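So the chains spell out like this:
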Amino acid sequence: MPANQKYLSSTGQRWLKITAGIIGGYLVTMLLHNAIGIHLTNKGGIALTSAFSAFFMWVGLMVWAFMSKSGWKIWGIYLLIISVCSLIIYLGL
């Protein structure tokens, strides 16, 4: 039985969701771990922590992107988080 067309996303929205989930989710994950890591004295701790938690966080962000109704909205949220984390890393706050 085919899917009902009213529940499917347009091609443009689908492309935005896929790129937000894969690229945006990865950037958010890595920058958030780096922003946390600059505050730790033991730098090996962030490497060990991110080895386990980064994969789960990335998968969660991908699922969130695919479940979102708007690809533009999810990209906006991800870009805001990326900007904040980049600013924290750059300024060393």
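As a reminder, the structure under discussion sits directly above these lines.
Note that the coordinates shown come from a computational prediction; the quantities given were computed from them, not determined experimentally.

Calculation criteria
Within each chain, residues carry numbers counting from 1 in the order of the written sequence. Only residues with pLDDT of at least 70 are given local features in this predicted model, and only at 80 or more are side-chain atom pairs given and counted; all residues enter the totals for whole chains, interfaces and linings. Derived side-chain values reflect all non-hydrogen atoms in the structure, with water molecules and hydrogen atoms excluded from consideration. Working definition: helices are DSSP H or I runs of at least four residues, strands are E runs of at least two. Numbering for both runs from the N terminus. The reference for a compact globule is 2.2 Å times residues^0.38; the radius of gyration itself is calculated from the C-alpha atoms. Three labels apply to residues, based on accessible area from a 1.4 Å probe with only protein chains included: buried if under 20% of the type maximum, exposed if over 50%, partly exposed otherwise in between. Side-chain atoms within 4.5 Å are what join buried Ala, Val, Leu, Ile, Met, Phe, Trp, Tyr and Cys residues into a set we call a nonpolar core. Contacts are assigned to residue pairs with any non-hydrogen atoms lying within 4.5 Å of each other. Side-chain rings of Phe, Tyr and Trp, where Trp is taken by its six-membered ring, are said to pair if the distance between their centres is within 6.5 Å; with planes under 30 degrees apart they count as stacked, over 60 as edge-to-face, and otherwise as tilted. To estimate the expected span of a helix, subtract one from its residue number and multiply by 1.5 Å. Bend, at a single residue, is the angle you get between axes fitted to the 7 residues ending at that residue and the 7 residues starting at it. Helix axes are fitted to C-alpha atoms over the stretch in contact, other axes to C-alpha atoms as well, and angles between N-to-C directions run from 0 to 180 degrees. Throughout, the term roughly parallel applies to angles under 35 degrees, roughly antiparallel to angles over 145, roughly perpendicular to angles from 65 to 115, and oblique to all others. The crossing is said to be left-handed when, going from far helix to near helix, the turn is anticlockwise and less than a right angle, and right-handed when the turn is clockwise. Ten residues, namely Ala, Val, Leu, Ile, Met, Phe, Trp, Tyr, Cys and Pro, are considered nonpolar, four, namely Asp, Glu, Lys and Arg, are considered charged, and the remaining ones, Gly among them, are considered polar.

Trainee: Can you walk me through the overall build of the chain in this structure?
Mentor: Counting its regular elements, the chain contains three helices and zero strands. The C-alpha atoms of the chain give 16 Å as radius of gyration, which overshoots the globular expectation for 93 residues (12 Å, by more than 25%). For the chain, the spread of C-alpha atoms along the three principal axes comes to 55 × 25 × 15 Å. The buried share among the 93 residues of the chain stands at 29%.

Trainee: Please clarify how the nonpolar core should be interpreted in this entry.
Mentor: When a protein is soluble and globular, its nonpolar side chains tend to lie buried together. Of all hydrophobic cores here, the largest spans 12 residues; its members are Leu16, Ala20, Val28, Leu31, Ala35, Leu61, Ala65, Ile74, Trp75, Tyr78, Ile82 and Cys85. Of all the secondary structure elements, the ones that give two or more residues to this core are α1 (11–37), α2 (43–67) and α3 (71–91). Apart from residues no more than four positions distant in its own chain, alanine 35 is found in contact with Cys85, Ile88 and Ile89.

Trainee: Sorry if this is basic, but what is going on with the side chain of histidine 33 here?
Mentor: By the secondary structure assignment, histidine 33 is in helix α1. For histidine 33, the contacting residues outside a window of four places in its chain are Ile46, Ser50, Ser53, Ala54 and Met57.

Trainee: Would you take a moment to explain the packing of aromatic side chains for this structure?
Mentor: For any pair of aromatic rings, the description consists of the separation of the ring centres together with the inter-plane angle of the planes. Applying the stated criterion across every chain yields a total of three aromatic pairs. Geometrically, the ring pair formed by tyrosine 26 and tryptophan 58 is edge-to-face, given 5.5 Å between the ring centres and 65 degrees between the ring planes. Of the two residues, tyrosine 26 is situated in helix α1 and tryptophan 58 in helix α2; the sequence distance between them amounts to 32 residues. Looking at tyrosine 26, the relative accessible area reads 40%, which means it is partly exposed. Owing to a relative accessible area of 24%, tryptophan 58 belongs among the partly exposed residues under this scheme.

Trainee: Would you mind going over α1 with me for this structure?
Mentor: Its 27 residues place the ends of α1 38 Å apart at the C-alpha level, agreeing with the 39 Å of an ideal helix rising 1.5 Å per residue. Of all the bends in α1, the greatest measures close to 35 degrees and is centred on alanine 20.

Trainee: What's the story with the packing of α1 against α3 in this structure? I'm lost.
Mentor: Two quantities define a packed helix pair, namely the angle between the helix axes and the distance between the axes. Where α1 contacts α3, the axes come no closer than 9 Å and their chain directions differ by 20 degrees. Here α1 is positioned roughly parallel relative to α3, judged by the angle of their axes. Crossing hand, α1 versus α3: left-handed. Looking at the contact of α1 with α3, its residues break down into 17 nonpolar, seven polar and one charged.

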